[in-house]
Amino acid sequence: MALSKLNPLCFFPSQTPLSIPKSPTPQFPLIPFKNPITLRARIQLTIPVSLPELPLRTSVEEAAEASPDHQDRMISDSLSVAFPSLAFSNTLFFSSAYNVQVIAGDDEPEEELIRRFRRQVLRAGVIQECKRRRFFESTQEKRKRKAREAARRNRRRRPQPKVSSEAKAETSKKKKNAEDSDDDNWEFLDSSQFRAKKLPMEGEDGKQQPQLVLAHNLFLLTQNDVDDIEKVRLRDEVFHFILANDMAPLYETLVADKVLNLDQKALDTMRAKIDDELKKLDEKIADAEENLGESEVREAHLAKSLFYIRIGDKEKALEQLKLTESKTVAVGQKMDLVFYMLQIGFFHMDFDLISKSIDKAKNLFEEGGDWERKNRLKVYEGLYCMSTRNFKKAANLFLDSISTFTTYELFPYDTFIFYTVLTSIISLDRVSLKQKVVDAPEILTVIGKIPYLSDFLNSLYDCHYKSFFTAFAGLTEHIKLDRYLHPHFRYYMREVRTVVYSQFLESYKSVTIEAMAKAFGVTVDFIDLELSRFIAAGKLHCKIDKVAGVLETNRPDAKNALYQATIKQGDFLLNRIQKLSRVIDL
């Protein structure tokens, strides 16, 4: 990385014992060591080094008079003695962007100089780049890393709240103390420790929007399946959250719906705080319009929009967001405003607002937009499709964004995998389910954390139908208490049973009802009742021979199905023409 200016340059005899710490054995293949003279010319660092007093073998002038090979060998030996880590310096050699230069000050201690050098190396990203290049990085891992870096950059670009001078001074003091500490992760991890260490999930620091957590708690308060003790805890948690965020408009609505009890004193306090805050925001907007530029005016209007969102005033929040959009020029900032509208729509489950916002976002992307926001929009649209019972489209959108998921404001990554698996099971064929879900590494790393979900998926694919029904029964409570899936609970139950019954009957021309009941771990009467309902609804292509106790499949081929569909559409068209002819005759 760096080489000190040796004055004089000493060469030590091989028989001289030296107490020099051994360099760690590298855990990666070494690149052929470059010429020390070239390395010395490329990377510069001026550090005074105290060398041990040993017999001087030759001087720099004598070394220069020697042959080039002999000179290179002697210089390489001296560097290895003075700096043992230079024996492996080829692993730390990068392009010129990573070169670090630290110039020693007058009477500067060596410890302080080394500490400054370490900080510069960390800031340049040399150690991080070394760790990243130690192991092979696949294309998928590269996409994930770039998604993390893009999310980090976007967080930095977002407007930060103004901080007082005292807070800035305290922050800078803490930062300086952290930089001065010796715990700078300078040493490499051992390869075994690196593999065994649990790496944090991508974007794990993201948090769900508190308003959406509140919406889920309000949904649980309306469900009869939730225990009364749990409802008492949820009601207390909801009230304290509303009180902390001054959500007076939402509190009035909940009191009118008899979800919460009226506390007039708390309501008056929240109204007073809202009035004071609105006055301050209006003053900031007026000051920005008179004395500042357009960007400051937009930021002031955006702060007022976020305040309305925080207190739960839907109509005023939407109106203020539209006003903020009129003062916004950049497409990315307009997209952020659309995401705020989508979050309001999901809080109130306003599907009309969600649909219009998604169409608006797509139109904005035609003008231009970054891929990170496009991936976020896919998750929003997938959640909308799942909430409106379009499971096939939702599954495709979720699977497209599974490797670049950054939409933690909607739900955690575990919940996202839960939705992906549930929608894929009833939407994908067996081959696609194996490729995109069963063997997907992103799903395999998370699916074990969700109760019953792994057994639910694997037992279906492996045709272990008895285990499938057991896992399915365990998942029903989770599906029923999900605010997005609850309206479609009965429909999803029917679709899943249709998939599993069709998969079982696909392998048979005829099978006894008793054998099918044994495979599923249920009674014969239950299977008979289940199949009769699905056959009557046209979900299963088979017939029941009750006397013989046999199921006979009669799956139509593709040509026959097309023929029947054409006949059905033709009959419908003839009926419409006949009705139209009667109207014309009149």
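Every chain's residues receive numbers from 1 upward, in the order its sequence appears when written. In keeping with the model being predicted, local features are shown solely for residues with a pLDDT of at least 70 and side-chain atom pairs are shown and tallied solely at 80 or more, while totals for entire chains, interfaces and linings include all residues. With hydrogens and water stripped out, all remaining heavy atoms of the structure feed into the side-chain values.

Enquirer: Sorry if this is basic, but what is going on with the overall build of the protein chain here?
Expert: Put simply, DSSP marks the helices as runs of H or I at least four residues long and the strands as runs of E at least two long, and each gets a number from the N terminus on. Each helix and strand in the protein chain was counted, giving 27 helices and three strands. Counting over 586 residues, the protein chain shows a buried share of 39%. Contacts: residue pairs with any heavy atoms within 4.5 Å of one another. Pairs at least 24 apart in sequence give 66% of the contacts found in the protein chain among residues at least 6 apart. If you sum the accessible surface of the protein chain, you get close to 35,000 Å²; carbon and sulfur atoms cover 53% of it. The cut-offs for exposure are 20% and 50% of the maximum accessible area for each residue type, with area from a 1.4 Å probe on protein chains only; residues under the lower value are buried, those over the upper are exposed, and the others partly exposed. All accessible areas in this document rest on Shrake-Rupley with a 1.4 Å probe, and a residue is counted as covered only by the protein chains that are shown.

Enquirer: Sorry if this is basic, but what is going on with the environment of Leu254 here?
Expert: Looking at where Leu254 falls in the secondary structure, it is placed in helix α11 (residues 248-256). Distance from Leu254 to Leu218, taken between C-alpha atoms, is 9.2 Å for residues 36 residues apart in sequence. Non-local contacts of Leu254, meaning those with residues more than four positions away in its chain, are made with Leu218, Val238, Ile242, Val259 and Leu260.

Enquirer: Got a minute to help me understand the packing of helix α13 (residues 294-311) against helix α15 (residues 331-348) in this structure?
Expert: The description of two helices packed together rests on the angle between their axes and the distance between the axes. At a minimum axis separation of 12 Å, α13 and α15 run at an interaxial angle of 10°. By the angle between their axes, α13 is roughly parallel relative to α15. Facing Arg298, Leu302, Leu306 and Ile309 of α13, the residues of α15 in contact are Gln333, Leu337, Tyr340 and Ile344. Axis geometry follows a simple rule: fit a line to the C-alpha atoms, using only the stretch in contact for helices, then measure angles between N-to-C directions, giving values from 0 to 180 degrees. Each angle is binned into one of four classes, with values under 35 degrees roughly parallel, values over 145 roughly antiparallel, values of 65 to 115 roughly perpendicular, and all other values oblique.

Enquirer: What is the right way to read the pairing of strand β3 (residues 550-553) from this model?
Expert: Remember that side chains alternate between the two faces of the sheet whenever the strand is regular. Pairing between two strands requires that DSSP report at least two bridges joining them. For strand β1 (residues 510-512) and β3, the ladder comprises three bridges, and the chain directions are antiparallel. Each residue of the ladder has a partner; that of Val511, found in β3, is Leu551. For strand β2 (residues 542-545) and β3, the ladder comprises four bridges, and the chain directions are antiparallel. Of the residues in β3, the one forming a bridge with Ile544 is Leu551. Here β2 folds back onto β3, and the loop between the two strands holds four residues, one of which, Gly549, carries a positive phi near 70°.

Enquirer: Please clarify how helix α9 (residues 210-221) should be interpreted in this entry.
Expert: For α9, built from 12 residues, the straight-helix expectation of 16 Å at 1.5 Å per residue is met to within 8% by its first-to-last C-alpha distance of 17 Å. For α9, the full list of buried residues reads Gln211, Leu212, Leu214, Ala215, Asn217, Leu218, Phe219, Leu220 and Leu221. In this scheme, a helix's expected span is set at 1.5 Å multiplied by one less than its residue total.

Enquirer: Looking at this structure, how should I read the packing of aromatic side chains?
Expert: One pair of aromatic rings is described through two measures. These are the centre distance and the angle between the planes. Under the pairing criterion, centres of Phe, Tyr and Trp rings, with the six-membered ring standing for Trp, must be within 6.5 Å; the plane angle then separates stacked pairs below 30 degrees from edge-to-face pairs above 60, leaving the rest tilted. One pass over the structure, following the stated rule, counts 30 aromatic pairs. Measuring from centroid to centroid gives 6.3 Å for Phe307 and Tyr308, while their planes differ by 55°, and the two rings are tilted. The exposure classification of Phe307 matches that of Tyr308, with both residues buried. By definition here, charges over rings are those cases where NZ of Lys or CZ of Arg is within 6 Å of the ring centre and within 35 degrees of the ring normal. Over the aromatic face of Phe339 sits the side chain of Arg376, whose NZ or CZ is 4.2 Å from the ring centroid.

Enquirer: Would you mind going over the nonpolar core with me for this structure?
Expert: Nonpolar side chains in soluble globular proteins tend to be buried together. By nonpolar core is meant a set of buried Ala, Val, Leu, Ile, Met, Phe, Trp, Tyr and Cys residues that side-chain atoms within 4.5 Å join together. Phe456 and Tyr501 are the most contacted members of the largest nonpolar core, which has 117 residues in total. Residues within four places of Tyr501 in sequence aside, it is in contact with Phe469, Met516, Phe520, Phe526, Ile527, Glu530, Leu531, Phe534 and Leu540. Counting residues in each nonpolar core, the second largest holds eight residues, with Val100, Val126, Ile127 and Cys130 among its members.

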